[in-house]
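Fold and geometry: a report
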Amino acid sequence: MVQAVAVKKFFIVFRETLRGSNKYYAWLAFLSFLILLGLSAYIDQLNRGLISTAMRDQVSWGMYISNFTFLVGVAAAAVYLIIPAYVYKFKPIKEVALFGELLAITAITMCILFIMVDMGQPFRVWHILPVMGAMNFPSSLLAWDVLVLNGYLTLNIIIVFYVLYRISHGKDYLPSIWPLIILSIPMAVSIHTVTAFLYNGLPARPFWNASIVAPRFIASAFCSGPALMLIIFQIIRKIWKLDIENRAIFKIAELVAYAMAINLFLLGAEVFKEFYSGTIHVYPIKYLYFGLHGHANLVPWIWAATVLNIIAFILLLLPKTRENFLTLNMGCAFLIIGVYIEKGMGLVIPGFVPDTLGEIYEYIPTMQEMVVTVGIWAAGALMYTLLLKATIPIYTGKVKF
Amino acid sequence: MSKIRSNPSGVKLDRRTFLKGAALGLAGTALPLDKTDASFWEAFFQKHFREMNDDEKKKVIQRLEKEYEQKYKKAIHIGSEKPMPGVLFGYGLDLSRCIGCRRCVYACVKENNQSIDPQVHWITVLRFKKGEKWIDLEESEKYYNPQNVPEPGYFYMPVQCQQCENPPCVRACPTQATWKEPDGIIVIDYNWCIGCRYCMAACPYGARRFNWGEPKRPAEEINPNTHYLGNRPRYKGVVEKCTFCVQRTRNGRYPACVEICPVGARKFGNLLDPQSEIRYAIEHKRVFRLKEDLNTNPKFYYFFAYGR
Ligand code: SF4
Ligand code: SF4
């Protein structure tokens, strides 16, 4: 009996995801098309091996791991909304933290997909598990990352489910879920720290082996995630006519500006140390910002990122531009692009250039890599859309049990 | 100074080939669903090499030998010789003798069944201009290609896996697919490696190679005397590297590169044996190890002024 009721409820919710306007169906079809394209490119990669990418022994990680790194940052968005929402009982944000948590679930799922497509032997993925496989814990930081990412994913799923369950029964959810929500704060910080340590702990790569990497990870994650949320909130508000207060949006934007200030300061500290001391370890950052021996593929990108970040910072800092939706959205978009470059390829590639034997191999992703990447982003967008479709009716009280 | 630092294996894929490939892929050749025979699942569930007992090892090796025979149409022996007690292998390379001829590189390819296409080399010989800053390796040239070696005004430094006593690659590997054996050799279980390449990011000596594509080597060029942890044919999507020719050295032979070197620049032996050649060299010559500041403690010693 209990199961039957549960199944029925599931179908009620599921039905919601199937209903929509023509625009909604077009959106789903568009995403599905991109996913299929990405999938076919991935199958081709499985056949031929990772030789279909531009990665080689010199630069052994590329676009996939860059996207992974950026998305770990996005997964923090939830926490950035939770802290003020629950700890300071700032009402307008509290209502929207739920959508941040859904974003975290989506982002982590995308992270896992990006790791999977980067693996040379994806069918052996179970080797990394404890007990069943031979997880190298606590020695390997990648083993740590598997643990914290999956832990964070599980935690967010539990919280979201519980909150929705309580709302759908018209009950208050806060008191009982409180400890888990508190726990998710250090968990979110830990997924960043561990992912940063993954790079940080490699003395072979001086560009990553700097203690500033972890703090910069957290600072930039606290920019990109919430900035993405701000844009999503406005879309949700428009489509579902949800009541998300302007006050909440402006408040988050203000916090993003502060995080960006810290990020820019840490960047300055890094640039000073590397260039002023001018040891042989300056080569990667020189390659990144100015090019090395005529190789300068990343230079225009990183300067674009730097300029976008600074403009975004100013737009979000000044109350006048922050509280104007045009400039606010410009700021958010600039910041997302800026951090995507800086914390993606801008972080991963210079770690390998020059390589440990001094060779310069310039990495430019192949068409195939880009199609797979777009496919995963489309899968993420589809997942988030469906999650919103299923949960918003519960959230607004349209679906009640 | 003009330097050629081009990438020899750069890939460019035009859109048509790509779309064609994608379409073919979709036709379903990729997923191993058609491989329904039992050995596929046996291979899938194969245990970590160190967790198998001798019986299980024997079974696995039998299966692999059969697979290789089907693939290369010739018998390939897979040994599983254990480390000898009281042995810790060490390697010496005399920079003042090396002439940069790359004979070691090719002897290694031949002995260790490296892929011809895509080309895999375990040894990298770096060329440096005499009298220039060189210790950061930044000024080195990997793709030098003169008529004759040695070239006046240059010297050469071969680099391969340094068999670190404190190996960052082993620490990094999330699945324990790579580890240090009691005789000091760092090995990889090619049937356990998931191909995440974290070890490649961690290795400070550029020693590890990834099989970006299906390794190809003509059957007649396959060396049939192999070791499970050494030179048996590898797979697409796994990492490989120098093992001090574990298939030879555990049977009392020299590594192939030591044997081939025309100028005797390469020395090899047991670091725990005070009478060994390698110990003599370390004690009597001026010795250094690469990137000692990283504390990896390589068992690969570079000498100069050998023979005095
Ligand atoms: S040289 Fe590289 S691959 Fe060899 S043991 Fe040291 S870290 Fe590992
Ligand atoms: S590529 Fe293989 S050997 Fe290297 S870290 Fe990953 S699983 Fe371990």
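The shown structure was predicted, so the numbers you read here are calculated from the model rather than taken from an experiment.

**Section: the pairing of strand β2 (residues 89–94) of chain B**
All names here are of chain B. Burial analysis of β2 places six of its six residues in the buried class, which makes it a mostly covered element. What you see with β2 is no split at all: Phe89, Tyr91 and Leu93 on one side and Gly90, Gly92 and Asp94 on the other are buried throughout. Bridging between β2 and strand β10 (residues 266–270) involves five bridges; their strand directions are antiparallel. Residue Gly92 lies in a different strand from β10, and its bridge partner there is Lys267. In the sheet, β2 pairs with strand β12 (residues 300–304) via four bridges, with the strands oriented parallel. Directly across from Leu93, in β12, lies its bridge partner Tyr302.

**Quick look at the nonpolar core**
One recurring pattern in soluble globular proteins: nonpolar side chains tend to sit buried together. Grouped together as the largest cluster of nonpolar side chains are 206 residues, with contacts concentrated most on Phe99(A) and Tyr152(A). At 13 residues, the largest contribution of residues to this core is made by helix α6 (residues 97–118) of chain A. The residue makeup of this core includes at least three contributed by each of domain 1 (15–79) and domain 2 (84–308) of chain B. Apart from the residues lying within four places of it in its own chain, the contact partners of Tyr152(A) are Ala75(A), Ala76(A), Ala78(A), Val79(A), Ala104(A), Ile108(A), Ser184(A), Met187(A), Ala188(A) and Ile191(A).

**Remarks on the site of ligand 1**
Taken together, 13 residues form the shell around ligand 1, and within it Cys161(B), Gln162(B), Cys164(B), Cys169(B) and Cys203(B) come nearest. Split into classes, the residues belonging to the shell around ligand 1 amount to nine nonpolar, two polar and two charged.

**Looking at empty space enclosed by the protein**
All names here are of chain A. One pass over the full model with this rule turns up ten cavities of 30 Å³ or more. Phe207, Arg216, Glu270, Lys343 and Leu347 are the residues nearest the centre of the largest cavity, which is lined by 13 residues in total. At the level of elements, α9 (213–240), α10 (246–277), α11 (283–289), α14 (325–343) and α15 (345–348) are the ones that each hand at least two residues to the lining of the largest cavity. Class assignment for the residues of the lining of the largest cavity results in eight nonpolar, one polar and four charged.

**Some details on the environment of Gly90(B)**
Residue and element names in this part refer to chain B. Its location among the elements puts Gly90 in strand β2. Residue Gly90 is classed as buried on the basis of its relative accessible area of 0%. What Gly90 contacts, discounting residues up to four positions off in sequence, is Phe244, Lys267, Phe268, Gly269, Leu271, Ile278 and Lys299.

**Re α10(A)**
In an α-helix, one turn spans 3.6 residues; hence positions three or four apart end up facing the same way. Taking 1.5 Å per residue as the helical rise, α10(A) with its 32 residues ought to reach 46 Å, and the 47 Å between its terminal C-alpha atoms agrees with that figure. Directly after α10(A), the chain includes Gly278(A), whose backbone phi takes a positive value near 55 degrees.

**A word on the side chain of Glu359(A)**
Along the chain, Glu359(A) falls in the loop between α15 and α16 (367–395). There is a polar contact of 2.7 Å between the side chain of Glu359(A) and the side chain of Lys142(B).

**Things to note about a nonpolar patch on the surface**
All names here are of chain A. Together, Val7, Phe10, Phe11, Phe14 and Leu18 line one region of the surface with nonpolar side chains, adding up to about 500 Å² of accessible area. Position of Leu18 among the secondary structure elements: in helix α1 (residues 2–18). What makes Leu18 partly exposed here is its relative accessible area of 48%.

**Some words on the sheet that holds β12(B)**
Residues and elements named next belong to chain B. In spatial order, the strands read β10-β2-β12-β11; together these four strands make up an open sheet with mixed pairing. The outermost strands of the open sheet, each flanked by one partner alone, are β10 and β11 (286–288). Ignoring which end each strand starts from, the neighbouring axes of this sheet average 30 degrees apart. Together, β2, β10, β11 and β12 form the strand contacts of helix α9 (residues 277–284), whose direction differs from that of β10 by roughly 115 degrees.

**Quick word on α6(A)**
For α6(A), spanning 22 residues, the distance from its first C-alpha to its last is 32 Å, which sits close to the expected 32 Å at 1.5 Å a residue. Burial of α6(A) is extensive: 17 of the 22 residues sit out of reach of the surface.

**Considering the packing of α9(A) against α16(A)**
Residues and elements named next belong to chain A. In contact at an axis separation of 13 Å, α9 and α16 are set at 50 degrees when each is read in the N-to-C sense. Classed by the angle they form, the pair α9 and α16 counts as oblique. As α9 runs across α16, the sense of the crossing is right-handed. Residues Met229, Ile232, Ile236 and Trp240 of α9 form the contact with α16, whose participating residues are Tyr384, Leu388, Lys389 and Ile392.

**Overview of the interface of chain B and chain A**
Of the residues lining the interface, 67 residues belong to chain B; the matching set on chain A comes to 60 residues. Summed over both partners, the interface of chain B with chain A comes to about 5,400 Å²; 60% of that surface belongs to carbon and sulfur atoms. On inspection of chain B and its partner chain A, the count reaches two salt bridges. Between Arg197(B) and Asp118(A) there is a salt bridge, and its shortest N-O distance comes to 2.7 Å.

**Comments concerning the pairing of strand β3 (residues 124–129) of chain B**
All names here are of chain B. Of all the six residues making up β3, five are buried; the element is thus mostly covered by neighbouring parts of the structure. Taken together, the six bridges between β3 and strand β4 (residues 154–159) define a ladder with antiparallel strand orientation. For Val125, the partnering residue across the bridge sits in β4 and is Pro158.

**What to know about the confidence of the model for chain B**
As a general rule, the predicted coordinates of low-pLDDT regions are not to be interpreted in detail. All names here are of chain B. Across chain B, the average pLDDT comes to 88, with 86% of residues at or above 70. Taken as a whole, residues 1–34 scores under 50 in pLDDT and shows 53 contacts with residues more than four places along the chain or in a different chain. As scored by the predictor, the complex reaches a pTM of 0.92 and an ipTM of 0.93.

Scoring rules and cut-offs
- Residues numbered from 1 in each chain as written.
- Chains lettered and ligands numbered in written order.
- Predicted model: local features only at pLDDT ≥ 70, side-chain atom pairs only at ≥ 80, totals over all residues.
- Heavy atoms only, no water.
- Buried < 20%, exposed > 50% of the residue type's maximum accessible area, 1.4 Å probe, protein only.
- Helix = DSSP H or I, 4+ residues; strand = E, 2+ residues; numbered from the N terminus.
- Pairing = 2+ DSSP bridges.
- Core = buried A, V, L, I, M, F, W, Y, C linked by side-chain atoms within 4.5 Å.
- Domains from an automatic or database assignment.
- Contact = heavy atoms within 4.5 Å.
- Near = heavy atom within 4 Å.
- Nonpolar A, V, L, I, M, F, W, Y, C, P; charged D, E, K, R; others polar.
- 1 Å grid on protein atoms, 1.4 Å probe; cavity = no way out; pocket = protein on both sides within 12 Å on 5 of 7 lines; lining within 4 Å.
- Points joined across faces, edges and corners; volume = space filled by probe spheres on them.
- Expected span 1.5 Å × (residues − 1).
- Polar contact = N/O pair within 3.5 Å; in protein donor to acceptor, adjacent residues only side chain to side chain.
- Patch = residues over 30% accessible without salt bridge, like charges linked within 9 Å, V, L, I, M, F, W, Y side chains within 5 Å.
- Areas by Shrake-Rupley, 256 points an atom, 1.4 Å probe, with all protein chains shown as cover.
- Salt bridge = Lys/Arg side-chain N within 4 Å of Asp/Glu carboxyl O.
- Axes fitted to C-alpha atoms, helices over the stretch in contact; angles between N-to-C directions.
- Parallel < 35°, antiparallel > 145°, perpendicular 65-115°, else oblique.
- Left-handed = near helix turned anticlockwise from the far one by under 90°.
- Buried area = accessible area lost by both parts, 1.4 Å probe.
- pLDDT = per-residue confidence, 0-100.

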